[in-house]
Amino acid sequence: MPDDETGYDPYRELFERSADAILIIEGDRFIDCNEAAVRMFRAKNREHVLQTHPSELSPVTQECGRDSREMANEMIAKAFADGVHRFEWMHRRADSVDFPAEVSLTSVRSGGHMTLHSIVRDISDRRRLEEELRHTQKMEAIGKLAGGIAHDFNNLLVAILGHAELLSCDLRDQPALLTHVREIHNAGNRAADLVRQLMLFGRKGARKKSIFDLGELLRESKKLLERVIGEDVRLEIEIESTQLHIEADSTQLQQVVMNLASNARDAMPRGGELELRLRSVVRRGGDLDVDALSPGGYAELCVSDTGEGMDAETMRHAFDPFFTTKAVGKGTGLGLATVHGVVERAGGRVSVRSAPGQGTTFEILLPLVDAPLTEKVIRDSSPSAGAGETLLVVEDEKAVSRLVVEALEGAGYRVMVAHDGNEALSIFDEHHAEIDLVLSDVIMPELGGPAFLRELAKRGEHPRALLMSGYTGDALERSEDLPPEVELLEKPFSPRELLQRLRTLLDR
Ligand SMILES: Nc1ncnc2c1ncn2[C@@H]1O[C@H](COP(=O)(O)OP(=O)(O)OP(=O)(O)O)[C@@H](O)[C@H]1O
Ligand SMILES: [Mg+2]
């Protein structure tokens, strides 16, 4: 009731100031609505809403074979009959944009009149959050699954690739047999690529991060990129800024560039141009709400191709794991999911612009760090033999340890073998003076690699160490207190890669 003196009417205030839209229906038209209703439906003013038929606030779509405007009329009739009716509904604004809403209808009888009070709440934000949560959960489940499979697969691949490589040395003068071994080796390598993708994608936490120069990484990647894109595609690399120090896993970042390049190649079957443009940009507070990046300096990498482009539907799903438009056997749909994961883990964002026939541009933003380099991105390929150094190999998987030992001994190392961390401890106790380096698996029953090294550290022993990591998942994140001199070698690796890493470590 309005206050007689001031004219203040608390009920009218409640109606006008409600954040939810309130509309009153009599018969089949609106007789009143509040300000929130005008705003929510983007109407010009109250009159505009009142002139609109209630069913016009629904999109003209077919749901379960029925017209949604017809259904809206039925809902209203039902609420008049039942008294109260609550449901979720798609509404249409005056500018033809649809939004999800929660609607509550209450029929009210007063003085022989029947009216319907409709309260409409916009639930777009809630829907978006639900969608994000679902997406995150899906990604996590797929990531776990993928990582788990990759882990088991990896040990098999190390054995397959390694023995194939050893065999091809033995068969050097039997060309007929050698071809078969080469085929095994090639197939194994393709499988290893796939597993690497799966593992990159499945891995949640960042691995050993280092600070490196993104420009340098691009320059170093040029040869590899050219090989990936083939002769028909022209490659243009423009590095416009220097000192682009970022903190990430450089191997993973290189994978990001390769994934984007191979997508570009696939989009340009008749050739074209691939351009990588790198520069530093500054993000200010104002740009924030777009992608939730904090203000500061970023390295911006744009990867553009002149290929066939993507339609809106493809673009919407492009980053989903296992989404591919390529033929069976041609694409796994993990390329961009991996790109997305790696970039996000480095604190950055990736977005895409494209249209059919207009080419595609991926834009990656990575936060710059103000700190000196901890890694020089140089991929060396010098031959690498042992010089009689003694290595302690700790590996529980027999197939892997046999192979590793064979490769190491063949290359001129002295090797001691332990099958788990405990055995390794007792060997180390006895021979620590002779051991030049520890080569250990990460996950082993009883005592794993990181725990073994920590145990040694407690005793004041800090041997040079190389960890062979399969699926790192959680196990390695918990070992962040590992001494910095411990390096990682990712499975599957070939004997050659193993020997190179060892040589570099021992010569350091
Ligand atoms: N540069 C591009 N131009 C046009 N379409 C692209 C481009 N990059 C990605 N796409 C589209 O996005 C999809 C997903 O890409 P993604 O790299 O994740 O998987 P894929 O290339 O199909 O398979 P994979 O990389 O695992 O072998 C592709 O199938 C393609 O339809
Ligand atoms: Mg791809």
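Residues numbered from 1 in each chain as written. Chains lettered and ligands numbered in written order. Predicted model: local features only at pLDDT ≥ 70, side-chain atom pairs only at ≥ 80, totals over all residues. Heavy atoms only, no water.

### As for the packing of helix α13 (residues 421-431) against helix α14 (residues 449-458)
At step 1: Following both chains from N to C, one finds α13 and α14 inclined at 35°, their axes separated by 9 Å at the closest point. As α13 runs across α14, the sense of the crossing is right-handed. The residues of α14 that touch α13, namely those facing G421, A424, L425 and F428, are F452, E455 and L456.
At step 2: Broken down by class, the residue content of the contact of α13 with α14 amounts to five nonpolar, one polar and one charged. (Axes fitted to C-alpha atoms, helices over the stretch in contact; angles between N-to-C directions. Helix = DSSP H or I, 4+ residues; strand = E, 2+ residues; numbered from the N terminus. Left-handed = near helix turned anticlockwise from the far one by under 90°. Contact = heavy atoms within 4.5 Å. Nonpolar A, V, L, I, M, F, W, Y, C, P; charged D, E, K, R; others polar.)

### Some words on the packing of aromatic side chains
Geometry of an aromatic ring pair is reported as the spacing of the ring centres plus the angle between the planes.
At step 1: Counting across every chain of the model gives three aromatic pairs.
At step 2: Note on F41 and F99: the rings are 5.9 Å apart at their centroids and 55° apart in plane angle, and the pair reads as tilted. Placement of F41 in the loop between α2 (35-40) and α3 (46-50) and of F99 in strand β6 (residues 98-110) is noted, with a sequence separation of 58 residues between them.
At step 3: Of the residues examined, F41 reaches a relative accessible area of 2% and is grouped as buried.
At step 4: Residues F319 and F362 carry aromatic rings whose centres are separated by 6.2 Å and whose planes lie at 90° to one another, so their mutual orientation is edge-to-face. Residue F319 is found in the loop between α10 (312-317) and α11 (335-345), and its partner F362 is found in strand β14 (residues 360-367); the two are separated by 43 residues along the sequence. When sorted by exposure, F319 lands in the same class as F362, which is buried. (Phe/Tyr/Trp six-rings, centres within 6.5 Å; stacked < 30°, edge-to-face > 60°. Buried < 20%, exposed > 50% of the residue type's maximum accessible area, 1.4 Å probe, protein only.)

### A short note on the pattern of salt bridges
At step 1: What the rule picks out here adds up to 35 salt bridges.
At step 2: The closest approach of N and O atoms between E13 and R17, which form a salt bridge, is 2.5 Å. Of this pair, E13 and R17 both sit in helix α1 (residues 10-17), four residues apart, which is roughly one turn of the helix.
At step 3: In this structure E13 comes out as partly exposed when scored by relative accessible area, which is 29%.
At step 4: Here E35 ties to R46 by a salt bridge, and the two come within 3.9 Å at their closest N and O atoms. Here E35 is found in helix α2, whereas its partner R46 is found in helix α3, with 11 residues between them in sequence.
At step 5: By relative accessible area, which is 37% here, E35 ends up partly exposed.
At step 6: Shared partners join several salt bridges into a network, and the residues in it are R12, E16, D32, E35 and R46. (Salt bridge = Lys/Arg side-chain N within 4 Å of Asp/Glu carboxyl O.)

### A word on the nonpolar core
At step 1: In terms of nonpolar packing, the biggest core is built from 39 residues, with L214, L274 and L276 touching the most fellow members.
At step 2: The biggest single contributor to this core is helix α8 (residues 250-267), with seven residues.
At step 3: Setting aside its immediate chain neighbours within four residues, L276 contacts L218, L225, L235, E236, I237, E238, V257, L301, C302 and V303.
At step 4: Counting residues in each nonpolar core, the second largest holds 26 residues, with C33, A79, F87 and F99 among its members. (Core = buried A, V, L, I, M, F, W, Y, C linked by side-chain atoms within 4.5 Å.)

### Focus on the domain arrangement of the protein chain
At step 1: When the domains of the protein chain are assigned, the result is domain 1 (10-122), domain 2 (209-379) and domain 3 (390-507).
At step 2: Using C-alpha coordinates to define each centre, domain 2 is positioned 34 Å away from domain 3. (Domains from an automatic or database assignment.)

### Considering a nonpolar patch on the surface
At step 1: Nonpolar side chains collect at one region of the surface, where L145, I149, F153, L156, I160 and I184 lie side by side and expose about 570 Å² of accessible area between them.
At step 2: No other element matches the five residues that helix α5 (residues 124-170) contributes to the nonpolar patch.
At step 3: Looking at the secondary structure, you find L156 in helix α5. (Patch = residues over 30% accessible without salt bridge, like charges linked within 9 Å, V, L, I, M, F, W, Y side chains within 5 Å. Areas by Shrake-Rupley, 256 points an atom, 1.4 Å probe, with all protein chains shown as cover.)

### Here we look at α5
At step 1: The end-to-end C-alpha separation of α5 is 66 Å, in line with the 69 Å expected for 47 residues at 1.5 Å each.
At step 2: Helix geometry: α5 is bent most strongly at N154, by close to 25°. (Expected span 1.5 Å × (residues − 1). Bend = angle between axes of the 7 residues up to and from the residue.)

### A word on the pairing of strand β5 (residues 84-92)
One face of the sheet, then the other: side chains in a regular strand alternate in exactly this way.
At step 1: The alternating pattern of β5 places H85, F87, W89 and H91 on a buried face and V84, R86, E88, M90 and R92 on a face that is not buried.
At step 2: Relative to β6, β5 runs antiparallel, the two being bridged by nine bridges. Counterpart to E88 in the pairing with β6 is E102.
At step 3: Counted between consecutive antiparallel strands, the loop separating β5 from β6 contains five residues, among which S96 sits at a positive phi close to 70°. (Pairing = 2+ DSSP bridges.)

### Topic: the sheet that holds strand β7 (residues 113-122)
At step 1: Taken together, five strands build an open sheet; the order of strands is β2-β1-β7-β6-β5 and the sheet is antiparallel. Of all the strands in the sheet, just β2 (29-33) and β5 have a single pairing partner and so form its edges. The average undirected angle you get between the axes of adjacent strands in this sheet is 30°.
At step 2: Relative to β7, strand β1 (residues 21-26) runs antiparallel, the two sharing six bridges. Across the sheet, residue L23 finds its bridge partner in β7, namely S118.
At step 3: Across the face of the sheet, α5 comes into contact with β5, β6 and β7 while running at roughly 135° to β6.

### Digging into the site of ligand 1
At step 1: Residues in contact with ligand 1 amount to 20 residues; listed here are only the nearest, D305, T324, T325, K326 and T332.
At step 2: Take G335: an N or O atom from its main chain is 3.3 Å from an oxygen atom of ligand 1.
At step 3: Bound to the protein, ligand 1 loses 91% of the 600 Å² it would expose on its own.
At step 4: Contributing elements (two or more residues each) for the shell around ligand 1: α8, α11 and β14.
At step 5: By residue number, the principal contributor to the shell around ligand 1 is α8, which donates three residues.
At step 6: Taken together, the residues that form the shell around ligand 1 break down as eight nonpolar, 10 polar and two charged. (Near = heavy atom within 4 Å. Polar contact = N/O pair within 3.5 Å; in protein donor to acceptor, adjacent residues only side chain to side chain.)

### Thoughts on the sheet that holds β14
At step 1: Strand order in the open sheet made by the five strands is β9-β11-β12-β14-β13, with mixed pairing throughout. Since the sheet does not close on itself, it has two edges, and those belong to β9 (233-239) and β13 (349-354), each with one partner. Averaged over all pairs of adjacent strands, the angle between strand axes in this sheet comes to 15°, irrespective of strand direction.
At step 2: With 10 bridges joining them, strand β11 (residues 272-283) and strand β12 (residues 296-305) adopt antiparallel strand pairing. For L274, the partnering residue across the bridge sits in β12 and is D305.
At step 3: Contacting β9, β11, β12 and β14, helix α7 (residues 214-229) crosses the sheet at an angle of about 180° to β9.

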